[in-house]
Amino acid sequence: MGFKDMKVRGIFAGGFICACLIDLSVPAFLGILYELANTELQFFVQLNKLREAAVQPLLDEKTFAASCGASILLLLQSFVELETNAAKNAYRLWHLIRHPDENWTMPVLHDVENQQELNRKYCNAFCDVLAINGFALCVKVTSSLWKQVSHKVKEMMSDGKGTASSRGTLSAEGFQHLMEEPIRRMTQYTKLFANLAQQNKQRSRPFRWEQEVVRKWNDLLTAVALNKEAAERTRAFWDTCSPKIADLLKTPGRRIVRDSKSYPVSLLNAGRFTSHWFILFNDVFVHSQYSGLNGYSLSLVWVDPVVDLEGEGSAFALTFPEETPLTLVCSNAHDKADWVKHLNDAIYHSHSDTWSSQCDQSKTTISDVRRTPPLVRYASYTFTKFPSLKGAVYTGSWLCGKMHGRGELVWPDGEKYVGYFRQNFRHGLVSCVFVWLLSVFRFSCSLL
């Protein structure tokens with residue numbers, strides 16, 4: 001029987017003699033509760049040491065936020081929130097063990113939604129920083145702050161590997177490993193809660209409730225693992241692409257889905273000496289060529305099959321507002337189906353409220369289930385090419401790249417059209433506001 005299965009009744013000490021009174025007759029349920037409380041306390045102590053050694057110096061540095069960006073600052077602030085939450089959980093667990101007659105609840109078990117929301121917020125911030133290689137940026141910007149920190153940080157790691165560089169400062173890999181501790185703690189939660197559920201009779205109400213808690217933590221762990229995998233893949237993509245493209249496209253919440261270099265796809269009837277690179281992110285589709293870079297928001301991208309081309313069974317078309325549809329060709333039907341699936345999945349997730357609530361800002365987990373995005377969508381778009389609409393902002397319904405349904409069109413001079421559209425043309429009853437009428441009204445009011 002290990003120490004975690006015993007209950008300490010008292011500790012006595014005097015001179016060179018000390019004694020500990022323990023109770024061996026501890027129920028299995030209470031033993032698991034001891035382990036949960038003890039590991040939660042250890043988790044808090046580890047977070048507290050890391051905050052004092054590495055996180056707090058960054059938060060106290062006045063120029064740090066401007067140098068490293070809001071995503072890294074959000075990660076550090078979320079870390080402090082998790083530390084405070086761990087302290088509250090440990091206190092309540094130990095208080096409940098020592099005073100079982102008092103009507104106290106365990107937030108880590110009875111307030112699962114708030115507990116998971118704190119962890120989800122931290123994990124999303126961690127993956128955002130990982131995607132832009134923010135840990136290396138932290139070490140680079142604040143290396144002077146951490147010259148004397150590495151020996152403190154080493155004590156917090158069981159193996160001490162990968163923490164300090166050859167110059168004695170904290171390395172990017174070591175800092176990332178330490179900041180992953182809350183993610184590793186989530187794995188411990190699922191194991192402890194699963195053991196706790198096994199102490200109840202199957203099909204009983206407590207058993208079903210604790211099994212539901214385990215399922216929720218497992219779902220969150222799966223989403224975090226997929227998000228982290230996508231973040232690592234995105235970081236590797238930014239490291240290999242040109243600095244110019246990275247500076248234009250790199251954002252914390254953006255994830256690479258696939259590109260035409262790794263998964264070949266080409267433009268139909270492209271010139272022999274032309275170069276086209278297609279990149280699919282979780283929020284935008286990018287077409288890079290010698291003449292420039294074009295980005296299309298996935299909220300206004302439609303994927304259409306191509307059936308009119310003889311012998312082109314591996315082709316599909318992408319439709320955008322104001323643009324001629326792009327017809328892309330794959331080497332075989334299987335590659336085409338793979339591209340179409342990932343495009344539709346990314347477009348679907350960019351519109352799904354359920355997806356946003358589950359993965360917050362990540363929006364990267366592409367499941368094996370085929371998703372079909374809606375044909376009619378609601379989005380906002382600023383026109384840049386149509387002469388009569390240049391600079392105008394349309395907010396409303398779209399159908400296959402065209403204004404279709406009810407919407408509002410506002411020109412830069414303030415003129416507004418509110419009503420219905422049909423294939424980019426005004427249709428039906430409308431409500432218009434003309435600038436010259438507003439000017440006459442203001443002038444008449446000034447005379448009065």
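For the structure, see preceding data.
Bear in mind the structure is a predicted one, so any value in this text is a computation, not a measurement.

(A) Summary view of the state of the cysteines. Applying the stated criterion across every chain yields a total of zero disulfides. No disulfide involves Cys-123; its sulfur sits 6.7 Å from that of Cys-127, the nearest cysteine. The buried category is assigned to Cys-123, whose relative accessible area is 1%.

(B) Region of interest: unusual backbone geometry. With a phi close to 65°, Glu-322 is a non-glycine residue in the positive phi region. Residue classification places Glu-322 among the buried positions, given a relative accessible area of 13%. Backbone geometry at Asn-424 places phi at a positive 80°, although glycine is not the residue there. By relative accessible area, which is 23% here, Asn-424 ends up partly exposed.

(C) Fine view of the pairing of strand S6 (residues 284–289). The buried fraction of S6 is high, at five of six residues. In terms of strand pairing, strand S5 (residues 276–281) meets S6 through five bridges, oriented antiparallel. Looking at the pairing, Phe-278 lines up with His-287 of S6. Bridging between S6 and strand S7 (residues 292–297) involves six bridges; their strand directions are antiparallel. Residue Val-286 lies in a different strand from S7, and its bridge partner there is Gly-295. Linking two consecutive strands that pair antiparallel, namely S6 and S7, is a turn of two residues.

(D) How the structure looks around the packing of aromatic side chains. Considering all chains together, one arrives at 18 aromatic pairs under this definition. When the centroid spacing of 5.9 Å and the interplanar angle of 80° are considered together, the rings of Phe-237 and Phe-281 count as edge-to-face. Linking Phe-237 in helix H10 (residues 205–240) with Phe-281 in strand S5, this pair joins segments that are 44 residues apart in sequence. The class of Phe-237 is buried, set by a relative accessible area of 8%. Of the residues examined, Phe-281 reaches a relative accessible area of 0% and is grouped as buried. Considering the side-chain rings of Tyr-394 and Phe-421, the 5.1 Å spacing of their centres and the 85° angle between planes classify their relative orientation as edge-to-face. Placement of Tyr-394 in strand S12 (residues 393–399) and of Phe-421 in strand S14 (residues 416–422) is noted, with a sequence separation of 27 residues between them. The residues Tyr-394 and Phe-421 share a single accessibility class, namely buried.

(E) Up close: the pattern of salt bridges. Applying the stated criterion across every chain yields a total of 14 salt bridges. Residue Glu-40 pairs with Arg-185 through a salt bridge whose shortest N-O separation is 2.7 Å. Residue Glu-40 is found in helix H1 (residues 28–60), and its partner Arg-185 is found in helix H9 (residues 181–197); the two are separated by 145 residues along the sequence. Accessibility expressed as a relative area gives 0% for Glu-40, which makes it buried. Across the pair Lys-385 and Glu-323 runs a salt bridge whose closest N-O atoms are separated by 2.5 Å. Residue Lys-385 is found in the loop between strand S11 (376–382) and S12, and its partner Glu-323 is found in the loop between strand S9 (315–319) and strand S10 (326–329); the two are separated by 62 residues along the sequence. For Lys-385, a relative accessible area of 47% translates into the label partly exposed. Overall, the relative accessible area of 26% leaves Glu-323 in the partly exposed class.

What counts, and where the lines are drawn
Once a new chain begins, its residue numbering starts again from 1 and follows that chain's sequence as written. The predicted nature of this model means local features are confined to residues of pLDDT at least 70 and side-chain atom pairs, given and counted, to a pLDDT of 80 or more, with totals for whole chains, interfaces and linings taken over all residues. Working from all heavy atoms in the structure, the side-chain values ignore hydrogens and water. Criterion for a disulfide: a pair of cysteine sulfur atoms within 2.5 Å. The classification of residues rests on relative accessible area computed with a 1.4 Å probe and restricted to protein chains. Under 20% of the type maximum is buried, over 50% is exposed, and intermediate values are partly exposed. The secondary structure listing takes helices from DSSP runs of H or I that are at least 4 residues long and strands from runs of E that are at least 2 residues long, numbered from the N terminus. By the convention used here, strands pair only if DSSP detects at least 2 bridges between them. Stacked, edge-to-face and tilted labels apply to pairs of Phe, Tyr and Trp rings (six-membered ring for Trp) whose centres lie within 6.5 Å, assigned for plane angles under 30 degrees, over 60, and everything in between, in that order. Each reported salt bridge corresponds to a side-chain nitrogen of Lys or Arg within 4 Å of a carboxyl oxygen of Asp or Glu.

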